[in-house]
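# Descriptive analysis of the structure
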Amino acid sequence: NEMCESVADEIKELQKNFPQVSIQSATDSFLTASYERTPSTRIKITLTFPEGYPTHAAIILVSASDVVPAGLKKKLERELGKTASDLAGQYDQVNDVFRRLVDFVNTNRFVPCWRELKQCVDLVNNDSTAGNGNKTKKKSSRIAINEL
């Protein structure tokens, strides 16, 4: 794993390490690429390399889509942004950000149904506080999630 010394090096390294990541566009100032485990789990991100990169960490933007509702977009941007800022000063941010993204998509079985899952959780949480300030009887709710 030779040291990267430029954005171009990082992108070459990315292509070598993650051939499954598809790069839509790449310049010295930004990189847009996506990764999908299945067609319904495609996540696209853009890394912007600010002036003073790599000392100033790459800025990560996750594209909103049917796969990526707002809550997940924010969570991923926060996590991937932290991954980049932890490596500030090094030309390794691209690879680590994509390693994190690939791990997330590969290990998170709920990506395609993130929104529905959140609605279920909200429903269960709100259920116990519903009513005009009256304490409703405690109902236990179970959600069964079967993997396809």
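Right above here is the structure, for reference.
First, a word on what this report is: a plain description of the structure on this page.

Cut-offs used in this document
- Residues numbered from 1 in each chain as written.
- Predicted model: local features only at pLDDT ≥ 70, side-chain atom pairs only at ≥ 80, totals over all residues.
- Heavy atoms only, no water.
- Helix = DSSP H or I, 4+ residues; strand = E, 2+ residues; numbered from the N terminus.
- Buried < 20%, exposed > 50% of the residue type's maximum accessible area, 1.4 Å probe, protein only.
- Salt bridge = Lys/Arg side-chain N within 4 Å of Asp/Glu carboxyl O.
- Pairing = 2+ DSSP bridges.
- Axes fitted to C-alpha atoms, helices over the stretch in contact; angles between N-to-C directions.
- Contact = heavy atoms within 4.5 Å.
- Phe/Tyr/Trp six-rings, centres within 6.5 Å; stacked < 30°, edge-to-face > 60°.

What follows is about the environment of Lys12. Counting through the fold element by element, Lys12 comes out in helix α1 (residues 7-17). Relative accessible area serves as the criterion here: at 55%, Lys12 is assigned to the exposed category. Taking the C-alpha atoms as reference points, Lys12 and Asn95, 83 residues apart in sequence, are found 9.8 Å from one another.

So, about the pattern of salt bridges. Going through the model one piece at a time under the given rule, you end up with eight salt bridges. For the salt bridge of Glu79 with Arg100, the shortest nitrogen-to-oxygen distance reads 3.0 Å. Here Arg100 lies in helix α3 (residues 93-107) and Glu79 lies in helix α2 (residues 70-86), a separation of 21 residues in the sequence. What makes Glu79 partly exposed here is its relative accessible area of 22%. Connected via shared salt-bridge partners are Lys75, Glu79 and Arg100.

The next thing to look at is the sheet that holds strand β2 (residues 30-35). Sheet architecture is open: four strands sit in the order β1-β2-β3-β4, paired in antiparallel fashion. Each edge of the open sheet carries a strand with a single partner, namely β1 (22-26) and β4 (59-62). Ignoring strand direction, the axes of neighbouring strands in this sheet form an average angle of 20°. Packed onto the sheet, α1 meets β1 and β2 and runs at close to 165° relative to β1. The sheet strands contacting α2 are β3 (43-48) and β4, and the helix crosses β4 at an angle near 155°.

Right, let's get into the packing of aromatic side chains. Across all of its chains, the model carries two aromatic pairs by this definition. With centroids separated by 4.8 Å and ring planes inclined at 55°, the aromatic side chains of Phe49 and Tyr53 adopt a geometry described as tilted. In this structure Tyr53 comes out as buried when scored by relative accessible area, which is 11%. A centroid spacing of 5.7 Å and a plane angle of 70° characterise the contact between Tyr53 and Tyr91, whose relative ring orientation is edge-to-face. A residue pair is termed long-range when its members are at least 10 positions apart, and Tyr53 in the loop between β3 and β4 and Tyr91 in the loop between α2 and α3 qualify at 38 residues. Taking the relative accessible area as the measure of exposure, Tyr91 reaches 24% and is therefore partly exposed. Cluster of aromatic residues (ring-pair linked, three or more members): Phe49, Tyr53 and Tyr91.

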